[in-house]
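# Fold and geometry: a report
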Amino acid sequence: MKKLVMLVTLVVTMAMSAMCFAAGDGSVLNKQQRVADKFVAALNSADSSAFTQLSVDFAPELQSKITAANFAELQKQMKEKFGSQKEITFAAYERFDQGDRLTYLASYSKQKLVRVVYGFNKEGKLTEFVFAPMEIQEEQK
């Protein structure tokens, strides 16, 4: 009986400590997801005010590379290549020593599946983004 009580106590203690460690990652994840949501909203927006709000969340090296004109060109290229966005779904969150990576799976009118990856530095600023089309293989019968 004593062994059973000790085992239950150990399991509950381990579960509680694991949840407490994950709580810190959860707040970082939430902040980074908000930046990704702003990025998607800015891509789908017709005016440049969304880009202005988004650029605050860029890392300095990305701010120097992406201007409002570059972002407008990106919007145009996305429309031409992928079409209009149908849906986007969160797929993975990865933590590394130098930063974090969020991966989403998106569906567009011209491209059925696109992997969207956002890279963040340790300060939570967006450092990179990638839109990679994926081919879906049909099942063989």
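Residues numbered from 1 in each chain as written. Predicted model: local features only at pLDDT ≥ 70, side-chain atom pairs only at ≥ 80, totals over all residues. Heavy atoms only, no water.

## Things to note about the sheet that holds strand β3 (residues 114-121)
Pairing is antiparallel across the open sheet formed by 4 strands, whose spatial order is β1-β2-β3-β4. Every interior strand has two partners, whereas the edge strands, β1 (85-95) and β4 (126-133), have only one. When the angles between neighbouring strand axes are averaged without regard to direction, this sheet yields 20°. Taken together, the 7 bridges between β3 and β4 define a ladder with antiparallel strand orientation. Counterpart to valine 116 in the pairing with β4 is phenylalanine 131. (Pairing = 2+ DSSP bridges. Helix = DSSP H or I, 4+ residues; strand = E, 2+ residues; numbered from the N terminus. Axes fitted to C-alpha atoms, helices over the stretch in contact; angles between N-to-C directions.)

## As for the side chain of aspartate 100
Take aspartate 100: it is sitting in strand β2 (residues 99-108). Within the structure, the side chain of aspartate 100 is placed 2.9 Å from the side chain of glutamine 32, a separation counted as a polar contact. Within the structure, the side chain of aspartate 100 is placed 3.5 Å from the side chain of tyrosine 93, a separation counted as a polar contact. Once residues lying within four places of it in the same chain are set aside, the contact partners of aspartate 100 are Val28, Gln32, Tyr93, Glu94, Arg95, Tyr118, Gly119, Phe120 and Lys122. (Polar contact = N/O pair within 3.5 Å; in protein donor to acceptor, adjacent residues only side chain to side chain. Contact = heavy atoms within 4.5 Å.)

## Notes on the packing of aromatic side chains
A complete count under the given rule lists 10 aromatic pairs for this structure. Pairing phenylalanine 82 with tyrosine 108 gives two aromatic rings, centres 5.3 Å apart and planes at 35°, and the pair type is tilted. Taken together, the residues span a long stretch of sequence, with phenylalanine 82 in helix α4 (residues 68-82) and tyrosine 108 in strand β2 at a distance of 26 residues. The buried category is assigned to phenylalanine 82, whose relative accessible area is 3%. For the ring pair phenylalanine 90 and tyrosine 104, a centre distance of 5.5 Å and an interplane angle of 70° mean the geometry is edge-to-face. Here phenylalanine 90 is found in strand β1, whereas its partner tyrosine 104 is found in strand β2, with 14 residues between them in sequence. (Phe/Tyr/Trp six-rings, centres within 6.5 Å; stacked < 30°, edge-to-face > 60°. Buried < 20%, exposed > 50% of the residue type's maximum accessible area, 1.4 Å probe, protein only.)

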